[in-house]
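# Per-entry structural report
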Amino acid sequence: MARTSQVTTGIVFTARYRVKNVGCYCIQVTDLWHVTEYLADAAEAIFDEKKQQAQRIDWLKQRCHELKNKRGAVGSIVAELKDIAQKKHPPKRQEALHKTITYLSNQGIRMND
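Structure report, in brief. Note that this is a predicted model, so its numbers are computed, not measured. (Residues numbered from 1 in each chain as written. Predicted model: local features only at pLDDT ≥ 70, side-chain atom pairs only at ≥ 80, totals over all residues. Heavy atoms only, no water.)

### Focus: the nonpolar core
Formed by 25 residues in total, the largest nonpolar core has its most connected members in Val-35, Leu-39, Trp-59, Leu-67, Leu-81, Leu-97 and Leu-104. Broken down by secondary-structure element, the contributors of at least two residues to this core are helix 1 (32-46), helix 2 (53-69), helix 3 (73-85) and helix 4 (91-107). (Core = buried A, V, L, I, M, F, W, Y, C linked by side-chain atoms within 4.5 Å. Buried < 20%, exposed > 50% of the residue type's maximum accessible area, 1.4 Å probe, protein only. Helix = DSSP H or I, 4+ residues; strand = E, 2+ residues; numbered from the N terminus.)

As structure tokens, then:
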């Protein structure tokens, strides 16, 4: 069976699946860098005041740690963000939350969730 590889920076998450009618296995990856970009936008939307910078950084570090080390973290984070997004936020903050929810929901299968 032929092997094909694609390498990106910071690969952390992989999903292996069999491609129907082709007879090969593919491995898709999502790197932590891209996930962190979305989570950082969400953290900024949640903790938008300057005095909340330490909370924003702590929240982001904790969520990244959970994604790397805890099965089911994607689902937990999406649920948390959905709860937060239900509250009234300015449009720009609401958009950042929804983009992050969508990204994590779509990419969760690639993050060993």
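Don't stop here, the text continues.
### Brief notes about the pattern of salt bridges
For the structure shown, the criterion picks out 5 salt bridges. Between Glu-49 and Lys-51 there is a salt bridge, with the nearest N and O atoms lying 3.6 Å from each other. Looking at Glu-49, the relative accessible area reads 38%, which means it is partly exposed. Given the relative accessible area of 71%, Lys-51 is considered exposed. For the salt bridge of Glu-80 with Arg-63, the shortest nitrogen-to-oxygen distance reads 2.9 Å. Taken together, the positions of Glu-80 in helix 3 and Arg-63 in helix 2 put the pair 17 residues apart, joining distant regions of the chain. Using a relative accessible area of 12% as the deciding quantity, one classes Arg-63 as buried. (Salt bridge = Lys/Arg side-chain N within 4 Å of Asp/Glu carboxyl O.)

### Quick word on the environment of Tyr-38
Within the fold, Tyr-38 resides in helix 1. Remark: the alpha-carbon pair of Tyr-38 and Leu-97, spanning 59 residues in sequence, is separated by 8.7 Å. Apart from the residues lying within four places of it in its own chain, the contact partners of Tyr-38 are Lys-99, Thr-100 and Tyr-103. (Contact = heavy atoms within 4.5 Å.)

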